[in-house]
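What follows is the residue order along each chain.
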Amino acid sequence: MTAKVEIEFTLNGRPRRVTVPADMSTLTLLREELGLTGSKLACGEGECGACTILVDGVSQNACLMFAVDCAGRDLLTIEGLRTEDALHPMQRAFVDHGAIQCGFCMPGMIMQAKYLADTTPGLTREGMRRGLEGNVCRCTGYKKVFDAVADAAGIDG
Ligand code: FES
Ligand code: FES
């Protein structure tokens, strides 16, 4: 039987305490135990970016991170991005540019875009493209996605 571990961490600004099996992924914890289904399960192998969240401000594939490793960390998921009154500017830009089709990849794409915008001074369009390479979209063709991120991140050209 898999051992269970009690952990405490911060999730979208709120302290959480949960008991998890030692082999559970953070993505399973979020989706199946805590009901936060914005982060998506697609490849489950760190290849598609659909599960991207921020951990201590750094983007991570939640499918590759053990839930027990959330202990003491600060997690932000797509559900925690907007305020009570408004979408986050990155979310707003995706809507305004019509960058969303089926939407499946979008929570991970937006979290990665926010990470890039927050942590890359002087972010260029090329840097943005490279930074989003790990986030796969099967619908959009990326042009509107790149336009939205460039808009929200203040990239010229
Ligand atoms: Fe995590 Fe694809 S589901 S990277
Ligand atoms: Fe459908 Fe990206 S909008 S996979």
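In short, a report on the structure. All values reported here derive from a predicted model rather than from experimental measurement. (Residues numbered from 1 in each chain as written. Chains lettered and ligands numbered in written order. Predicted model: local features only at pLDDT ≥ 70, side-chain atom pairs only at ≥ 80, totals over all residues. Heavy atoms only, no water.)

As for the overall build of the chain
Threshold: Helix and strand assignments follow DSSP, with helices taken as H or I runs no shorter than four residues and strands as E runs no shorter than two, numbered in order from the N terminus. Using C-alpha atoms as the atom set, the radius of gyration is obtained and then compared with a globule rule of 2.2 Å times the number of residues to the power 0.38. Note on classification: 1.4 Å probe, protein chains only; a residue is buried when its accessible area is under 20% of the maximum for its type, exposed when over 50%, partly exposed between these limits.
Within the chain one finds five helices and five strands. Ordered by position in the sequence, the α and β elements of the chain form the string β-β-α-β-β-β-α-α-α-α. Over its C-alpha atoms the chain spans a radius of gyration of 16 Å, differing by no more than 12% from the 15 Å that the globule rule assigns to 157 residues. Along the three orthogonal principal directions, the C-alpha set of the chain runs to about 55 × 30 × 25 Å. Here the chain holds 157 residues, and 43% of them are scored as buried.

A closer look at the pattern of salt bridges
Selection criterion: A pair is scored as a salt bridge if a Lys or Arg side-chain nitrogen falls within 4 Å of a carboxyl oxygen belonging to Asp or Glu.
Overall, the coordinates contain seven salt bridges when judged by the stated rule. Glu126 is the salt-bridge partner of Arg130, the closest N and O atoms lying 3.6 Å from each other. Of this pair, Arg130 and Glu126 both sit in helix α4 (residues 125–131), four residues apart, roughly one helical turn. Residue Arg130 is classed as exposed on the basis of its relative accessible area of 52%. For Glu126, a relative accessible area of 42% gives the class partly exposed. Asp147 is the partner of Lys143 in a salt bridge, and the nearest nitrogen-oxygen pair spans 2.8 Å. Of this pair, Lys143 and Asp147 both sit in helix α5 (residues 143–153), four residues apart, which is roughly one turn of that helix. Through salt bridges with shared partners, a single network forms among Arg125, Lys143 and Asp147.

Some points on the pairing of strand β2 (residues 14–21)
Applied cut-off: Should DSSP find at least two bridges between two strands, the strands are taken to pair.
Relative to β2, strand β1 (residues 4–11) runs antiparallel, the two being bridged by eight bridges. Each bridged residue has a counterpart across the sheet, and for Lys4 the counterpart in β2 is Pro21.

Some thoughts on the side chain of Ser39
Selection rule: Contact criterion: two residues are considered in contact whenever any of their non-hydrogen atoms come within 4.5 Å of each other.
Assignment of secondary structure puts Ser39 in the loop between α1 (26–33) and β3 (52–55). Non-local contacts of Ser39, meaning those with residues more than four positions away in its chain, are made with Leu27, Leu30, Arg31, Ala50, Cys51, Ile53, Thr77, Ile78 and Glu79.

Concerning unusual backbone geometry
Here Asn12, not a glycine, exhibits a phi torsion of approximately 50°, which is positive. Mapping Asn12 onto the fold places it in the loop between β1 and β2. A relative accessible area of 23% places Asn12 in the partly exposed class. Phi is positive for Asp56, which is not a glycine, with a value near 50°. For Asp56, the position within the fold is in the loop between β3 and β4 (58–61).

Focus: the packing of aromatic side chains
Here the distance between the centres and the angle between the planes together describe a pair of aromatic rings. Our working rule: Think of it this way: a Phe, Tyr or Trp ring, Trp meaning its six-membered ring, pairs with another when their centres are within 6.5 Å, and the plane angle makes it stacked under 30 degrees, edge-to-face over 60, tilted otherwise.
Taken as a whole, this structure holds one aromatic pair when the rule is applied. Arranged with centres 5.8 Å apart and planes meeting at 25°, the rings of Tyr142 and Phe146 form a pair that is stacked.

Section: the side chain of Gln112
Positionally, Gln112 belongs in helix α3 (residues 106–119). In this view, Gln112 contacts Thr52, Ser59, Gly131, Leu132 and Asn135; residues no more than four positions away in its chain are not counted.

Some details on the packing of helix α2 (residues 89–96) against α5
Filter applied, for reference: Between N-to-C directions, angles cover 0 to 180 degrees, with each direction set by a line fitted to C-alpha atoms, over the stretch in contact for helices. Orientation is classified from the angle alone, with under 35 degrees giving roughly parallel, over 145 giving roughly antiparallel, 65 to 115 giving roughly perpendicular, and any other angle giving oblique. A crossing counts as left-handed when the near helix is turned anticlockwise from the far one by less than a right angle, and as right-handed when that turn is clockwise. Ten residue types, Ala, Val, Leu, Ile, Met, Phe, Trp, Tyr, Cys and Pro, are classed as nonpolar, four, Asp, Glu, Lys and Arg, as charged, and the remainder, Gly among them, as polar.
The geometry of α2 relative to α5 is characterised by a closest axis approach of 8 Å and an angle of 140° between their N-to-C directions. Between α2 and α5, the angle falls in the class oblique. The handedness of the crossing between α2 and α5 comes out as right-handed. Contacts between α2 and α5 involve Pro89, Met90, Ala93 and Phe94 from the first element and Val145, Ala148, Val149 and Ala152 from the second. Broken down by class, the residue content of the contact of α2 with α5 amounts to eight nonpolar, no polar and no charged.

Any functional reading would require information that these geometric values do not contain.
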